[in-house]
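# Observations on the three-dimensional arrangement
The residues making up each chain are set out below.
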Amino acid sequence: MGKVAILTDSNSGITQEEAKKLGIYVFPTPVYINDEVFYEGVDLTTEQFFARQAEGAEIKTSMPVVGDVIDKWESLLEEYDEVVYIPLSSGLSSSCDTAIMLAEDYDGKVQVVNNQRISVTMKLSVFDAKTLADAGKSATEIKEILEAMKFESTIYIMVDTLEYLKKGGRISAATAFLGSAMAIKPVVAVSEGEIVMLGKARGSKNGNNFLMKEIEKADGIDFTRPFCLGYTGLSDEMLQKYIK
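The text that follows walks through the structure, step by step, so that each part is easy to find. (Residues numbered from 1 in each chain as written. Predicted model: local features only at pLDDT ≥ 70, side-chain atom pairs only at ≥ 80, totals over all residues. Heavy atoms only, no water.)

### Re the packing of aromatic side chains
Quick reminder of the rule: Whether two aromatic rings pair depends on their centres lying within 6.5 Å, for rings of Phe, Tyr and Trp, where Trp uses its six-membered ring; planes under 30 degrees apart make the pair stacked, over 60 edge-to-face, and the rest tilted. For the exposure calls, accessible area comes from a 1.4 Å probe over protein chains only, and a residue counts as buried if that area is under 20% of its type's maximum, exposed if over 50%, partly exposed in between. Over a ring means this: the NZ of a Lys or the CZ of an Arg is within 6 Å of the ring centre and within 35 degrees of the ring normal.
A complete count under the given rule lists five aromatic pairs for this structure. Judged by centre distance (5.1 Å) and plane angle (85 degrees), the ring pair of Phe 49 and Phe 50 falls under edge-to-face. Across the pair, Phe 50 and Phe 49 agree in class, each one buried. Taken together through their ring pairs, the aromatic side chains of Phe 27, Trp 73, Tyr 85 and Tyr 106 make up a single cluster. In this arrangement the basic side chain of Lys 3 is found over the ring face of Tyr 80, its NZ or CZ atom lying 4.8 Å from the centre.

Spelled out as structure tokens, the structure:
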């Protein structure tokens, strides 16, 4: 039975400490803050990131450096027979397509999963991959299983502020100003690997109700399967309301 390494990137939300406990590997995503490069989870904590964001710093992310990806694969193949690499959705970054192209030189020993997930659903894919590897599945089998399941999950998000959508170029400055003045809370989903706008509501309470209706429309949460609640920012106060 060949040993299979499970590798993902920090877009999954898995920390370096968590990865060590799980027996998996996580690529740190390069983050540029005011043109200075940091690596998520290595020399940039989640708290530091959101503190800098709140200060108004210019922040951009980048795909992992190609040389770093190859170096990591080579290092893992010294210890393992095969590698399963789970990058973020090909609908949101070119890193997945680049990795698929690079993997062609590895005679099937590196399998890149294009299951079009990000954040919490990507995290669940990594957990599934590790379980399958521990059960003796090959890298090819793990890739096929994960890609067959790729559209069986959706992330629903209520956005508290439009500021960062404006900074990221997703909406215009005028729309952001008007939305903020009217306390508009957009509700979006990450579905089939892309971000889609579901609608918007005025105020947090209406936004919350809208979010819950969208989840109900999609047949609710399947509690027989793993699910995640996620939040951004330095306070989880809003998250505690959702848990309740």
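### Comments concerning the pattern of salt bridges
What counts, and what does not: In what follows, salt bridge is the name for a side-chain nitrogen of Lys or Arg lying within 4 Å of a carboxyl oxygen of Asp or Glu. Counting from the N terminus, the helices are the DSSP runs of H or I reaching at least four residues and the strands are the DSSP runs of E reaching at least two.
Going through the model one piece at a time under the given rule, you end up with six salt bridges. The residue Lys 143 makes a salt bridge to Glu 147 at a minimum N-O spacing of 3.1 Å. Separated by four residues within a single helix, Lys 143 and Glu 147 lie in helix α6 (residues 139-148), roughly one turn from each other. Judged by relative accessible area, which is 23%, Glu 147 ranks as partly exposed.

### Looking at the side chain of Asn 115
Here is the rule we go by: As used in this structure description, the phrase polar contact means that two N or O atoms lie within 3.5 Å; if the pair is within protein, one of them must be able to donate a hydrogen and the other to accept it, and residues adjacent in sequence are counted only when both atoms belong to side chains. By the convention used here, residues are in contact when the closest approach between their heavy atoms is within 4.5 Å.
With respect to the element layout, Asn 115 can be found in the loop between β7 (110-112) and α5 (119-134). For Asn 115, a relative accessible area of 1% corresponds to the buried category. For Asn 115, the side chain forms a polar contact with the side chain of Ser 125, separated by 2.8 Å. Those residues in contact with Asn 115 that lie beyond four places of it in its chain are Ile 86, Ser 125, Leu 146, Glu 147 and Lys 150.

### Describing the environment of Glu 152
Following the sequence through the fold, Glu 152 ends up in the loop between α6 and β8 (155-158). In the structure, Glu 152 is positioned 126 residues away from Val 26 in sequence and 23 Å away in space, judged by C-alpha atoms.

### Re the packing of α5 against α6
The following threshold applies: Only the stretch in contact is used when fitting a helix axis, every axis being a line fitted to C-alpha atoms; angles between N-to-C directions are given from 0 to 180 degrees. Crossings are sorted by hand: turned counterclockwise from the far helix by less than a right angle, the near helix makes the crossing left-handed, and turned clockwise it makes it right-handed.
For the pair α5 and α6, the least separation of the axes is 10 Å and the interaxial angle reads 145 degrees. Our pair here, α5 against α6, has a crossing hand that is right-handed. Residues Ser 125, Asp 128, Ala 129, Leu 132 and Ala 133 of α5 form the contact with α6, whose own contacting residues are Ile 142, Ile 145 and Leu 146.

### What about the sheet that holds strand β9 (residues 184-191)?
Note on sheets: strands pair through backbone hydrogen bonds, and any given pair is parallel or antiparallel. Heads up, the condition is: At least two DSSP bridges between two strands are needed for those strands to be called paired.
If you trace the three strands from one edge of the open sheet to the other, you get β8-β9-β10, paired in antiparallel fashion. Pairing within the sheet leaves two strands with one partner each, and these edge strands are β8 and β10 (194-202). Shown here is a sheet whose adjacent strand axes are inclined to one another by a mean of 20 degrees, direction ignored. Alignment of β9 against β10, held across eight bridges, turns out to be antiparallel. Looking at β10, one finds that Lys 185 is bridged to Ala 201.

### Things to note about the side chain of Arg 117
Using the following cut-off: His is not counted, nor are the chain ends, whereas Lys and Arg count as positive and Asp and Glu as negative.
Looking at where Arg 117 falls in the secondary structure, it is placed in the loop between β7 and α5. Here Arg 117 is buried and forms no salt bridge, its nearest opposite-charge partner Asp 128 lying at an N-O distance of 5.3 Å. A polar contact is formed between the side chain of Arg 117 and the side chain of Ser 125, at a distance of 3.2 Å. A distance of 3.5 Å separates a polar side-chain atom of Arg 117 from the backbone oxygen of Lys 150. Those residues within four positions of Arg 117 in sequence are excluded, and the remaining contacts are Pro 87, Leu 88, Ser 89, Met 122, Ser 125, Met 149, Lys 150, Glu 152 and Ser 153.

### Some points on the nonpolar core
Quick note on the threshold: Put simply, buried Ala, Val, Leu, Ile, Met, Phe, Trp, Tyr and Cys residues joined by side-chain atoms within 4.5 Å make one nonpolar core.
Within the largest apolar cluster, 22 residues are counted, with the highest numbers of intra-cluster contacts made by Val 4, Ile 6, Val 84, Ile 86 and Ile 142. Those elements giving two or more residues to this core turn out to be β1 (4-9), β6 (82-86), α5 and α6. With sequence-adjacent residues up to four places away left out, Val 84 is seen in contact with Val 4, Ala 5, Ile 6, Leu 7, Gln 111, Val 113, Ala 139 and Ile 142. Counting residues in each nonpolar core, the second largest holds 16 residues, with Leu 7, Val 83, Cys 96 and Ala 103 among its members.

Don't take any of this as a statement about function, it's just geometry.
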